[in-house]
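Survey of secondary and tertiary structure
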Amino acid sequence: MEALLLGAGLLLGAYVLIYYNLVKAPQCGGIGSLRGRTAVVTGANSGIGKMTALELARRGARVVLACRSSERGEAAAFDLRQESGNNEVIFMALDLANLASVRAFATAFLSSEPRLDVLIHNAGISSCGRTREAFNLLLRVNHIGPFLLTHLLLPRLKTCAPSRVVVVSSAAHRRGHLDFTRLDRPVVGWQQELRAYADSKLANVLFARELATRLEGTGVTCYAVHPGPVNSELFLRHVPGWLRPLLCPLAWLVLRTPKGGAQTPLYCALQEGIEPFSGRYFANCHVEEVPPAARDDRIAHRLWEASMKLAGLGPEEEEEPDEEPQLEDLRTPSLLSTPYSWEPTDLSKMTHRIQVKAEPEPQVS
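Within an unreviewed UniProt entry, the label attached to the protein chain reads Dehydrogenase/reductase SDR family member 13, and the organism entered is Heterocephalus glaber. The Sequence similarities (unreviewed entry) field of the UniProt record for the protein chain holds the comment "Belongs to the short-chain dehydrogenases/reductases (SDR) family."

**Observations regarding the confidence of the model for the protein chain**
Looking at the protein chain as a whole, its pLDDT mean stands at 82, while 72% of the residues score no less than 70. Taken as a whole, residues 12-21 scores under 50 in pLDDT and shows 4 contacts with residues more than four places along the chain or in a different chain. Per-residue pLDDT stays below 50 along residues 325-365; that stretch engages in 83 contacts with residues further than four places along the chain or on separate chains.

**Focus: unusual backbone geometry**
Residue P162 is bonded to the preceding A161 through a cis peptide linkage, with omega at 5 degrees. On the secondary structure map, P162 appears in the loop between α5 (137-159) and β5 (163-168). Even without being glycine, N284 reaches a positive phi, approximately 50 degrees. By the element assignment, N284 lies in the loop between β7 (281-283) and β8 (286-288). Using a relative accessible area of 30% as the deciding quantity, one classes N284 as partly exposed. Phi is positive for C285, close to 60 degrees, though the residue is something other than glycine.

**A short note on the pattern of salt bridges**
Close approach of charged atoms allows side chains of opposite charge to pair. Under the counting rule described, the total for this entry stands at 11 salt bridges. One salt bridge in this structure joins D79 and K50, with 3.2 Å as the shortest N-O distance. Of the two residues, D79 is situated in helix α3 (residues 70-84) and K50 in helix α2 (residues 47-58); the sequence distance between them amounts to 29 residues. The partner of E289 in a salt bridge is R280, with the nearest N and O atoms 3.0 Å apart. Since its relative accessible area comes to 41%, E289 is described here as partly exposed. Taken together, the shared-partner salt bridges connect R62, E88 and E113 into one network.

**Overview of the packing of aromatic side chains**
One pass over the full model with this rule turns up 6 aromatic pairs. Geometrically, the ring pair formed by F105 and F109 is stacked, given 6.2 Å between the ring centres and 20 degrees between the ring planes. A residue pair is termed a helical-turn pair when its members lie 3 or 4 positions apart in one helix, as F105 and F109 do in helix α4 (residues 99-112) at 4 residues. Using a relative accessible area of 0% as the deciding quantity, one classes F105 as buried.

**Section: the pairing of strand β1 (residues 38-42)**
For β1, the buried fraction is high: 5 of the 5 residues fall into the buried class. Summarising the sheet, β1 and strand β2 (residues 62-67) pair through 5 bridges and their orientation is parallel. Each residue of the ladder has a partner; that of V40, found in β2, is V64. Looking at chain direction, β1 and strand β4 (residues 118-121) are connected through 3 bridges and run parallel.

**Brief notes about the packing of α5 against helix α6 (residues 190-214)**
Two elements in contact, α5 and α6, have axes separated by 7 Å at closest approach and are oriented at 20 degrees. With respect to α6, the element α5 is oriented roughly parallel. The hand of the α5/α6 crossing is right-handed. Residue-level contacts link L138, L139, N142, H143, F147, T150 and L154 of α5 to E193, A196, Y197, S200, K201, A203, N204, F207 and L211 of α6.

Procedures and definitions
- Residues numbered from 1 in each chain as written.
- Predicted model: local features only at pLDDT ≥ 70, side-chain atom pairs only at ≥ 80, totals over all residues.
- Heavy atoms only, no water.
- UniProt positions renumbered as here; feature names shortened; annotations may be inferred.
- pLDDT = per-residue confidence, 0-100.
- Contact = heavy atoms within 4.5 Å.
- Helix = DSSP H or I, 4+ residues; strand = E, 2+ residues; numbered from the N terminus.
- Buried < 20%, exposed > 50% of the residue type's maximum accessible area, 1.4 Å probe, protein only.
- Salt bridge = Lys/Arg side-chain N within 4 Å of Asp/Glu carboxyl O.
- Phe/Tyr/Trp six-rings, centres within 6.5 Å; stacked < 30°, edge-to-face > 60°.
- Pairing = 2+ DSSP bridges.
- Axes fitted to C-alpha atoms, helices over the stretch in contact; angles between N-to-C directions.
- Parallel < 35°, antiparallel > 145°, perpendicular 65-115°, else oblique.
- Left-handed = near helix turned anticlockwise from the far one by under 90°.

If you want it as structure tokens, here you go:
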């Protein structure tokens, strides 16, 4: 009996250590009030994205849920308005696998929303499921779609600077290796999917790095983030039904809740003073070093050039326009689901942002 109790105590102690060191997420602080500011969160109908949007709404931001499913997106917007008490939570349709949908979203957003202060690329997939496309679906949804969306919305981000772009990546980027000779080839089989997922997460980290270089001095900063091991739909979406009853209890014990997973994205969206770390990779609300392949500026530049082609951006779109398109020139009907109201932001109250090209030591707490 004593041995049994001792074993149980050791197991409990081990779990407590694991929970507080690996599972429990630090709580995000940062800017308290976001009243008058607008944020876009992709894939915000569930999981990390929904919790991220909820916290932004609670702080008073106008939050646009950019989701593929109209039914789930509208339902999430209703839920978040109820939970946050903020009626400025709306849904707009966005399918990152469809570049025409990305362009339609950007046109509709720019024609109806005068501000964009925070762009959070949360949406992503871990598997192609039963879908078979003529392109690399994992790279399209996890990187090329967000790349195109950022490019199209950059003029508005610059106008509203200081502003931020947050790209949700993963620790899986450490296993990634970009083969530019087969970057967009279709993915078939679970082994290829695992490799393609890691490659797409590496692309996220390199994208944030190159974007930071190109945006130096504009007041727009960007960050790649790892939300940690999270018990979300992404984890169980492609697990066979017979295996779920076995994995669900384990996931509940050792994985973070979506709320916990949202803390690092929120930190990079809201924390003041991290502007000198633009382009860096964050985990557990701290800067983390990345492997050589994820900080190679030559590869980051090459990926940018390849992404331009895969996103269908021609030479005339290579550089972002200095001026935004006039609202009267954008004819696509609005995709907003609720009436719009807006109050201008008092930018004078915001902390002055400093742009630093050299990478500082990771001492952010």
